[in-house]
Amino acid sequence: MSNRQDPGPRSGFDRRRFLTTAALGGATIVGASALGGIDADAAFAAPMPSLDPAIAKSTFAEGRITAINGSVLEVAGSYGEQHLIQLTHATSVWKLRATTADAIEAGDGLYARGVDMPDGTIAADAVWVNIVNLFCTVRGIAKDRLHLTHGDGNHAVVGRIVPETTTASYLGGSLTPDLSRVRIGQSAQVLGAWRPADDSVDIARVTVGH
Amino acid sequence: MILDLAPLVCGVLLAVSGAAKLLGRRTAQVAANTVLVRVLGNGHRAAFALRAVGAVELAVAAGLLAAPATVVPGAATAVLGAGFVGYLGYAKATAPQSSCGCSARDEGPIGVRSFARAGAVLLCGVAAAFAGTAWWSRVARDPGWSVLVVAVAAAGLLALSTDLDRVWLPLRRLRLRVFGTPLPADPGGRVPVEATVELLERSLAWQASAPIVRSALLDAWDDDGWRVLRFAGVHEDARGARPVNVLFALDENATADANPSPAVRVSVIDDRTQEVVPVDLLALSGLRRPLRMV
Amino acid sequence: MACGSTSLWAGETTWFCCGSSWGPCGSAGTGACGTCQSSAHQAAWPNTTQACFNITRPDVCGEGIPRRGCGSVMNVKHQCSGAEVCVTVADCGPRTQSFCGEATCCNGACRTNRVIDLTPAAFSAIGNLDSGKLPVYIYE
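Residues numbered from 1 in each chain as written. Chains lettered and ligands numbered in written order. Predicted model: local features only at pLDDT ≥ 70, side-chain atom pairs only at ≥ 80, totals over all residues. Heavy atoms only, no water.

## Let's talk about the sheet that holds strand β4 (residues 264-270) of chain B
With antiparallel pairing, five strands are arranged side by side in an open sheet as β1(A)-β4(B)-β3(B)-β2(B)-β1(B). Only two strands of the sheet have a single neighbouring strand rather than two, namely β1 (28-30) of chain A together with β1 (219-223) of chain B. Along the sheet, successive strands turn relative to each other by an average axial angle of 35°, direction set aside. Strand direction decides the pairing type here: strand β2 (residues 226-237) of chain B and strand β3 (residues 240-251) of chain B, joined by twelve bridges, are antiparallel. By the bridge assignment for β3 of chain B, Trp-226 of chain B is matched with Asp-251 of chain B. Packing against the sheet, helix α1 (residues 15-25) of chain A makes contact with β1, β2, β3 and β4 of chain B, and its axis sits at approximately 75° to β1 of chain B. Of the strands in this sheet, β1, β2, β3 and β4 of chain B touch helix α10 (residues 193-201) of chain B, which is tilted by about 45° from β2 of chain B. (Pairing = 2+ DSSP bridges. Helix = DSSP H or I, 4+ residues; strand = E, 2+ residues; numbered from the N terminus. Axes fitted to C-alpha atoms, helices over the stretch in contact; angles between N-to-C directions. Contact = heavy atoms within 4.5 Å.)

Next up, the structure:
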């Protein structure tokens with residue numbers, strides 16, 4: 001590990017390039033080969049401090065975005081509560097993929113994790129826009145979509161396959177762009193972004209079981 | 001022609017749905033979700049009623065198929081259809097979320113299809129009542145047209161069936177087996193960013209940097225064989241808490257399948273000064289001390 | 001109710017939505033216990049009742065998961081990061097039998113089978129929702 005005395009990014013300077021240089025030059029390498037594995041199961045058996053379920057370290061908010069005022073999202077919670085979510089340049093935004101605040105629209109659904117601020121707003125560490133994680137059955141397969149049903153009432157939902165984005169995992173394997181092993185009749189966990197316009201879901205990943 | 005073939009179409013329809021209700025193993029289960037439970041008091045009576053309706057349907061079907069040119073089976077079918085419409089109307093008004101129990105396999109709430117199907121039985125019954133010629137004579141006389149009419153009627157009834165999936169599923173499976181999947185196979189290109197994030201989030205590096213990282217993935221890019229993942233975080237030291245960027249660099253081709261314990265380069269960069277913050281990650285997170293690398 | 005520290009189980013967790021909500025979650029309902037809300041620190045357990053067990057069937061995957069009814073309190077700890085969240089059982093799930101043998105690992109130490117489902121509030125307290133699933137230890 002070392003300190004670097006780079007001048008820092010200036011306007012026009014490629015920030016990513018700068019960060020890459022910093023990341024590779026001043027990095028700590030963390031890997032099992034250098035360290036040996038840690039004994040995770042021993043950690044499981046170790047006693048834990050007692051926690052109260054009512055106390056949370058971070059704040060969570062959920063609801064529909066009703067308005068966007070600059071970097072503040074006005075959110076109507078599903079139980080009538082109101083939230084003001086403050087976005088900063090350190091807030092991660094997920095909407096089908098890691099993106100920026102520009103992709104957020106009024107009418108979108110949202111889950112946010114952040115910190116309560118004294119002025120009543122929530123400074124968000126991370127927001128996930130329109131994210132859904134549905135346990136489905138695959139009912140049909142087309143070139144650009146999966147026909148799915150989910151929930152107790154077997155609600156039909158169309159899962160759109162987004163080129164360069166949709167990935168699949170088979171029996172716990174790592175995510176791959178190879179979707180060709182999805183079969184009709186399979187159970188599948190679909191993580192994706194709900195599209196309020198037509199109630200379909202853009203699929204980020206489909207995790208297939210048996 | 002259509003009138004003459006109506007007994008055949010409704011006969012088969014009623015025979016199938018009647019047999020499913022009367023003999024189906026799940027009739028009791030389906031009955032429990034219908035409005036009949038409330039009307040008749042308990043689930044046993046509802047199941048009995050559903051099976052009784054199935055028996056009546058089978059009897060009417062037998063009449064339609066065996067004595068198509070007489071009025072009675074057709075009229076009975078029409079009465080049955082009218083009864084179904086009335087039952088659905090009552091159920092819809094009093095318990096809209098209940099199942100209709102129409103085909104003894106169907107557990108969805110009552111919708112347009114349920115009414116259309118009951119209406120079809122009613123219309124079919126009226127048509128059958130006016131049949132002048134037995135369907136087998138008609139089929140023998142005009143085999144081509146008969147097959148066409150029956151096929152169209154069957155297709156229409158299938159389209160009204162909420163059991164459609166059960167019909168289509170094997171066909172769709174067969175199509176995929178014959179023609180192959182239309183979905184893209186692995187183009188053998190780059191590893192998805194999500195796969196790299198997954199690899200990172202299951203690594204020792206993630207564990208070590210957990211006390212600092214606050215956000216989810218902010219940005220990701222590839223550079224010279226490395227995939228760099230940027231997260232935001234807060235680092236606390238003697239000078240107080242300050243916002244930082246936490247950068248992870250991994251082999252852009254690595255996946256959890258090939259290497260579940262990858263080496264990850266981690267650096268913490270002050271968000272304001274852009275200086276690398278010296279952080280002993282493993283000591284910070286209570287893990288072992290790291291090897292120092294430059 | 002306080003969250004305990006006695007080891008109960010270990011495996012994968014996913015997340016699910018329940019209660020009033022937007023999008024496809026709007027049809028999810030308040031769960032098997034009638035109290036489930038996405039914004040509360042709650043969980044679904046595969047063996048809340050016999051009827052629940054008959055649906056999830058963790059035994060098919062060799063998981064003899066003990067019964068814990070609605071309202072049971074558990075502490076769920078992310079195996080990789082050590083982050084913890086205390087949750088109350090409010091629904092039946094996940095469908096363990098559909099994903100038998102699936103593993104999620106930390107630095108090569110793997111947890112198999114989906115044994116608990118968390119609400120978005122609980123899941124996001126210990127991990128990122130876009131990760132979909134996490135390896136966890138469960139205490140009571």
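## Details of the pairing of strand β1 (residues 7-15) of chain C
Residues and elements named next belong to chain C. With respect to burial, β1 is a largely interior element, seven of its nine residues being buried. As paired elements, β1 and strand β8 (residues 134-139) share six bridges and run antiparallel to each other. Pairing of Gly-11 across the sheet is with Val-136, part of β8. Pairing analysis gives four bridges linking β1 to strand β7 (residues 114-118), with the strands arranged parallel. The residue of β7 that forms the bridge with Glu-12 is Arg-114. (Buried < 20%, exposed > 50% of the residue type's maximum accessible area, 1.4 Å probe, protein only.)

## A look at the sheet that holds β7 of chain C
All names here are of chain C. Judged by pairing direction, the barrel is mixed, and its six strands sit side by side in the order β1-β7-β2-β4-β3-β8 before closing back on the first. Going across the sheet, the axis of each strand differs from the next one's by a mean of 45°, ignoring polarity. When strand β3 (residues 73-78) meets strand β4 (residues 84-92), the two strands line up antiparallel, connected through five bridges. Paired with Met-74 across the strands is Val-87, a residue of β4.

## Examining empty space enclosed by the protein
On inspection of all chains with the given rule, the structure shows five cavities of 30 Å³ or more. One number sums up the size of the largest cavity: a volume of about 90 Å³. Contributing to the lining of the largest cavity are 13 residues, with Glu-198, Glu-201 and Arg-202 of chain B together with Ser-131 and Lys-133 of chain C lying nearest its centre. The set of elements that each furnish at least two residues to the lining of the largest cavity consists of α10 of chain B together with β8 of chain C. (1 Å grid on protein atoms, 1.4 Å probe; cavity = no way out; pocket = protein on both sides within 12 Å on 5 of 7 lines; lining within 4 Å. Points joined across faces, edges and corners; volume = space filled by probe spheres on them.)

## Here's the deal with the packing of aromatic side chains
Taken as a whole and assessed by the stated rule, the structure comprises nine aromatic pairs over all chains. Taken together, a centroid distance of 5.8 Å and an interplanar angle of 25° make the contact between Phe-60 of chain A and Tyr-111 of chain A stacked. Here Tyr-111 of chain A lies in strand β7 (residues 109-116) and Phe-60 of chain A lies in strand β2 (residues 59-69), a separation of 51 residues in the sequence. Residue Tyr-111 of chain A is classed as buried on the basis of its relative accessible area of 0%. Measuring from centroid to centroid gives 6.0 Å for Phe-135 of chain A and Phe-99 of chain C, while their planes differ by 70°, and the two rings are edge-to-face. Here Phe-135 of chain A is found in strand β9 (residues 131-141), whereas its partner Phe-99 of chain C is found in the loop between β4 and β5 (103-106) on a different chain. Looking at Phe-99 of chain C, the relative accessible area reads 1%, which means it is buried. Members of the aromatic cluster, each reached through a chain of ring pairs, are Phe-60, Tyr-111 and Trp-194 of chain A together with Trp-15 and Trp-22 of chain C. (Phe/Tyr/Trp six-rings, centres within 6.5 Å; stacked < 30°, edge-to-face > 60°.)

## Focus: the interface of chain B and chain C
Bring the parts together and some accessible area is lost; that lost area is often taken as the interface size. Facing twelve residues of chain B, the contacting portion of chain C comprises 14 residues. Broken down residue by residue, the surface that chain B buries against chain C is led by Glu-201, Arg-202 and Gln-207 of chain B, which jointly contribute 50%. For the pair chain B and chain C, the interface holds zero salt bridges. If you look at where chain B meets chain C, you find two residue pairs in polar contact (both at pLDDT 80 or more). Taken together, the elements giving at least two residues each to the side of chain B that touches chain C come down to α10 and α11 (204-209) of chain B. Per element, the largest residue contribution to the side of chain B that touches chain C is three residues, and it comes from α11 of chain B. Classifying every residue of the side of chain B that touches chain C gives five nonpolar, four polar and three charged. (Buried area = accessible area lost by both parts, 1.4 Å probe. Salt bridge = Lys/Arg side-chain N within 4 Å of Asp/Glu carboxyl O. Polar contact = N/O pair within 3.5 Å; in protein donor to acceptor, adjacent residues only side chain to side chain. Nonpolar A, V, L, I, M, F, W, Y, C, P; charged D, E, K, R; others polar.)

## Focus: the state of the cysteines
Summed over the entire model, instances satisfying the criterion amount to nine disulfides over all chains. With a sulfur-sulfur separation of 1.9 Å, Cys-61 of chain C is cross-linked through a disulfide to Cys-100 of chain C. Residues Cys-61 of chain C and Cys-100 of chain C share a disulfide whose torsion about the S-S bond is about -95°; that sign makes it left-handed. One end of the pair, Cys-61 of chain C, is in the loop between α1 (50-56) and β3; the other, Cys-100 of chain C, is in the loop between β4 and β5, and 39 residues separate them in sequence. Both residues of the pair, Cys-61 of chain C and Cys-100 of chain C, belong to the buried class. Cys-136 of chain A takes part in no disulfide bond, and the closest cysteine sulfur, belonging to Cys-17 of chain C, lies 11 Å away. Overall, Cys-136 of chain A belongs to the buried group, its relative accessible area being 1%. (Disulfide = S-S within 2.5 Å.)

## Examining α10 of chain B
Side chains that are three or four residues apart share a direction in an α-helix, a result of its 3.6 residues per turn. When you tally the buried positions in α10 of chain B, you get seven out of nine residues, the bulk of the element. For α10 of chain B, the set of buried residues is Ala-195, Thr-196, Val-197, Glu-198, Leu-199, Leu-200 and Glu-201 of chain B. Summarising the contacts, the buried residues of α10 of chain B are in contact with β14 (200-208) of chain A, α11, β2, β3 and β4 of chain B together with β3 of chain C.

In short, geometric facts, not functional conclusions.
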